[in-house]
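Observations on the three-dimensional arrangement
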Amino acid sequence: MAGGSVSLRPTPRLAHGMTDKQMRRVPSSSDIPQLGQSLLLGTKRRPLTLPSAVSAMLSTNADSPHPAIVALTLAGQYSRFQRPGSPASETLNLEAQPLHDDPRPMLSGISRKALKQLLGMLKNQDAGAFFTACLDEIARRELRLHPFDLPELGRLLRQSDARLHRAVLPPLPNADTLHRIDADELKRMEPDLCMMLLRELREADPATARDRIEELWGTMSADRRAELLDLLSNRLGPDDCELLAKAAQDRAKPVKTVAQTLLGRLTGTNEYETRLGRAVAALSVKTGRKPQQKRKLVLNSKQLTGHIRGRHASAVSSALLGLLPGDIARQLDLSEDDLLGLLPDSEFQIALAFAGTAASRNNRQQLEILLPLLADSAAIKLFVNDGFGTSISEDSREMLTARFAAIVTQGSLPDGITFLSLYQHARAPLREDMAHALIRSRGWRNHVADLGKDTDTNPKAMPNALAEAALLIPAVILDEFLASFADIPAHLAGTARAVVTFRQSLTRTDPILPIAQSAAESRK
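Conventions used here
Numbering of residues starts from 1 in every chain and runs along the sequence as written. Reporting in this predicted model follows two pLDDT cut-offs: at least 70 for local features of residues, and 80 or more for side-chain atom pairs to be given and counted; totals over whole chains, interfaces and linings ignore these cut-offs and use all residues. Where side-chain values are given, they derive from all heavy atoms of the structure, hydrogens and water being excluded. Note on conventions: DSSP H or I runs of at least 4 residues are helices, E runs of at least 2 residues are strands, and numbering of each starts at the N terminus. Summary of the burial criterion: residues with accessible area below 20% of their type's maximum are buried, those above 50% are exposed, and those between are partly exposed, where the area comes from a 1.4 Å probe applied to protein chains only. Here a residue-residue contact requires only that any non-hydrogen atoms of the pair lie within 4.5 Å. The Shrake-Rupley method, run with a 1.4 Å probe, gives the accessible areas here. Residue values count only the displayed protein chains as cover. Under the pairing criterion, centres of Phe, Tyr and Trp rings, with the six-membered ring standing for Trp, must be within 6.5 Å; the plane angle then separates stacked pairs below 30 degrees from edge-to-face pairs above 60, leaving the rest tilted. The criterion for a charge sitting over a ring is simple: Lys NZ or Arg CZ within 6 Å of the ring centre, and within 35 degrees of the ring normal. Definition used in this section: a nonpolar core is a set of buried Ala, Val, Leu, Ile, Met, Phe, Trp, Tyr and Cys residues joined via side-chain atoms within 4.5 Å. For every residue, the pLDDT score states the predictor's confidence, bounded by 0 at the bottom and 100 at the top. A fitted line through C-alpha atoms represents every axis, and for helices the fit uses only the stretch in contact; the resulting angles, taken between N-to-C directions, go from 0 to 180 degrees. Throughout, the term roughly parallel applies to angles under 35 degrees, roughly antiparallel to angles over 145, roughly perpendicular to angles from 65 to 115, and oblique to all others. Definitions for this section: a left-handed crossing has its near helix turned counterclockwise from the far helix by less than a right angle. A right-handed crossing has that turn clockwise. In the scheme used here, Gly and all other residues not listed as nonpolar or charged are polar, with Ala, Val, Leu, Ile, Met, Phe, Trp, Tyr, Cys and Pro taken as nonpolar and Asp, Glu, Lys and Arg as charged. Helix span, as expected, comes to 1.5 Å for every residue beyond the first. Any two strands are treated as partners once DSSP identifies two or more bridges connecting them. Salt bridge, as used here: a side-chain nitrogen of Lys or Arg that lies within 4 Å of a carboxyl oxygen of Asp or Glu. Between N or O atoms, a polar contact is any pair within 3.5 Å; within protein, one atom must be a potential hydrogen donor and the other a potential acceptor, and residues adjacent in sequence are included only when both atoms are from side chains.

**Quick notes on the overall build of the chain**
Of regular secondary structure, the chain possesses 31 helices and two strands. Within the chain, the proportion of its 524 residues that are buried is 44%. Across the chain, the fraction of contacts at a sequence separation of at least 24, relative to all contacts at a separation of at least 6, is 69%. Accessible area of the chain: about 28,400 Å², with a carbon and sulfur share of 50%.

**Describing the packing of aromatic side chains**
Using the criterion set out here, one finds three aromatic pairs in the structure. Look at Phe-419 and Trp-444: their rings are 6.2 Å apart centre to centre, the planes differ by 80 degrees, and that puts the pair in the edge-to-face class. A residue pair is termed long-range when its members are at least 10 positions apart, and Phe-419 in helix α25 (residues 416-426) and Trp-444 in helix α27 (residues 442-451) qualify at 25 residues. According to the relative accessible area criterion, Trp-444 is buried, its value standing at 1%. Against the face of Trp-217 rests Arg-225, its NZ or CZ located 5.8 Å from the ring centre.

**Regarding the nonpolar core**
Generally speaking, nonpolar side chains in soluble globular proteins are found buried as a group. If you look at the biggest cluster of nonpolar residues, it comprises 93 residues, and the most contacted ones within it are Leu-115, Phe-131, Leu-145, Trp-444, Leu-466 and Phe-481. The next biggest cluster of nonpolar side chains, apart from the first, holds 31 residues, and it includes Leu-198, Leu-216, Ala-226 and Ala-248.

**Examining the confidence of the model for the chain**
Per-residue pLDDT for the chain averages 76, and the proportion of residues at 70 or more is 70%. Ranking the elements of the chain by mean pLDDT puts helix α31 (residues 514-522) last with 39 and helix α29 (residues 478-483) first with 94. Contacts of residues 509-524 to residues separated by more than four positions or lying in other chains number 22 contacts, the stretch itself having pLDDT below 50.

**Brief notes about the packing of helix α13 (residues 222-230) against helix α15 (residues 253-263)**
At a closest axis distance of 8 Å, the pairing of α13 and α15 adopts a crossing angle of 15 degrees. Viewed along their axes, α13 and α15 adopt a mutual orientation that is roughly parallel. The handedness of the crossing between α13 and α15 is left-handed. Residues Ala-222, Asp-223, Arg-225, Ala-226, Leu-229 and Asp-230 of α13 form the contact with α15, whose participating residues are Pro-254, Val-255, Val-258, Ala-259 and Leu-262. Counted by class, the contact of α13 with α15 contains eight nonpolar, no polar and three charged residues.

**Considerations on helix α21 (residues 348-360)**
Helix length check: α21 (13 residues) gives 18 Å between terminal C-alpha atoms against 18 Å at 1.5 Å per residue, within 8%. Counting buried positions along α21 yields 12 of 13 residues, so the element is predominantly enclosed. Those residues of α21 that fall on the buried side of the exposure criterion are Gln-349, Ile-350, Ala-351, Leu-352, Ala-353, Phe-354, Ala-355, Gly-356, Thr-357, Ala-358, Ala-359 and Ser-360. The positive-phi residue at the C-terminal boundary of α21 is Asn-362, with phi of around 55 degrees.

**Considering helix α30 (residues 490-505)**
Counted at 1.5 Å a residue, the expected span for α30 with its 16 residues is 22 Å, but the 20 Å between its end C-alpha atoms falls short. Most of α30 sits out of view: 15 of its 16 residues are buried.

**Some points on the pairing of strand β2 (residues 296-299)**
The alternating pattern of β2 places Leu-297 and Leu-299 on a buried face, while none of Lys-296 and Val-298, on the opposite face, is buried. Relative to β2, strand β1 (residues 283-286) runs antiparallel, the two being bridged by four bridges. In the strand pairing of β2, Val-285 is matched with Leu-297.

**Section: the pattern of salt bridges**
According to the stated counting rule, one finds 17 salt bridges in the structure shown. In this structure, Arg-210 and Asp-240 form a salt bridge, with 2.8 Å as the shortest nitrogen-oxygen distance. Of this pair, Arg-210 sits in helix α12 (residues 206-216) while Asp-240 sits in the loop between α13 and α14 (241-247), and the two are 30 residues apart along the sequence. Classification of Arg-210 as buried rests on a relative accessible area of 13%. A salt bridge links Glu-215 to Arg-212; its shortest N-O distance comes to 3.6 Å. On the criterion of helical spacing, the pair formed by Glu-215 and Arg-212 is a turn pair, its members being three residues apart in helix α12. Owing to a relative accessible area of 39%, Glu-215 belongs among the partly exposed residues under this scheme. Using a relative accessible area of 13% as the deciding quantity, one classes Arg-212 as buried. Each of Arg-112, Lys-116, Asp-149 and Glu-152 takes part in one network of salt bridges that share partners.

**Overview of the environment of Leu-115**
With respect to the helices and strands, the residue Leu-115 is situated in helix α6 (residues 109-121). Ignoring sequence-local partners within four residues, the contact set of Leu-115 consists of Leu-107, Phe-131, Cys-134, Leu-145, Leu-153 and Phe-502.

**What to know about the environment of Arg-445**
Turning to its location among the elements, Arg-445 is positioned in helix α27. A relative accessible area of 49% places Arg-445 in the partly exposed class. Remark: the alpha-carbon pair of Arg-445 and Ser-484, spanning 39 residues in sequence, is separated by 7.9 Å.

**Points about the side chain of Asn-234**
Secondary-structure assignment places Asn-234 in the loop between α13 and α14. Within the structure, the side chain of Asn-234 is placed 2.9 Å from the side chain of Glu-203, a separation counted as a polar contact.

**Structural notes on the packing of helix α11 (residues 191-204) against α13**
Interhelical geometry of α11 versus α13 gives an angle of 15 degrees and a closest axis separation of 10 Å. Our classification of the angle between α11 and α13 gives roughly parallel. In the packing of α11 onto α13, the handedness of the crossing is right-handed. On α13, the residues touching Pro-191, Asp-192, Met-195 and Leu-198 of α11 are Arg-224, Glu-227 and Leu-228. Tallied by class, residues from the contact of α11 with α13 come to four nonpolar, no polar and three charged.

Encoded structure:
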């Protein structure tokens, strides 16, 4: 019947007048070894003895089959109507169940092939970073890797946090339910996954994240405790002081180091006052001899960090990171507005450190003031290569990425490694208007022209720079991006075209050929 199930039941009375009760006495599944021997060797070499009650009911005519054959036939007929119960399904553990319930579609065959061909064209040192970028794109399209590909991609998945990427894992809890995950659940999770969830929780609910860190504190190793503390650098505030003070007394050196660093960024602590005094001693306001010369901040980097002036720029920014501009201004007998007004003509590390402080505290108002001051191309190099040494909120990340991307589009472009580093910081393509400005800029045209020259005589030519830039281009203008280097030979632009091919394959269903063509030409 439509919409229902049909139940087949044996008839009360079977062939040759055998009842259901009598039929149960014929050879059954418990006699499988004997039945098997009889079927292989024949009933003459291996006779099959039947119960007398069954033999008496079978015909003894000379034309009738052997009784054992009849019995086996009837047993087979009877078994057709026996429906064995379905085997008990294996219970999935809590971590495996979400993988089976993941509603996102898997990659199509076209995309799987394009991804593997792209990874095959990359060198070992680049494959991990590009693979993570591909996983980002897969997750943005609300897709996931095919499980059959996981063993083949195992080496790349083990690098960094790719194994715990959202394209591999089921969707993480949303902000509304994330704070309900208790410490017991976190303890049962894999440590890396636990850290990933805590990072999300710190972004959504800083106070609850701090409570979970305190509950997990005694169950973690020293290195894990240091990682837990580092999560507090995002949205760092006075409420974190008690936990940091406790951690500063930890016997493990990595834990103490992180705790003391973060305490040095919290106003009102002894560590902060010590850093503030050291910074003010290294800073001075210099007035030009001529009236038209502007005042600027002069920084004695050797006095601040112990390094020779002009080197270790990231150490200078790190030494100032977390110090509030208003506190420094008061020590220098300036207003905060006057101090910020000196930054354009001062060394860029000062403005960079102030921007990092505003980003870590999610101070959008101060970021809007500071970001226009980061006009030096050296600022983007320092930012994307060394970072701020702190976690920042998603809002701050978006603002910083927009500013640094704007710097990239101006004048001469930095080397290819900056494109990849910029992507690794942004973890998403640029806005469409920024990407348009990039590929239409004179700097980009000059860069493409340099790549078209013979790489043997032009050591600055870096073919992978095109591929790295391909990660930053929004999907809607990928065709325009391809057209910007259409004249570049395939062996120089093959990897970039492979990146575009993979990204476009995620929305297409027709076969895609350029990647195979590019790979073939690269081998010539």
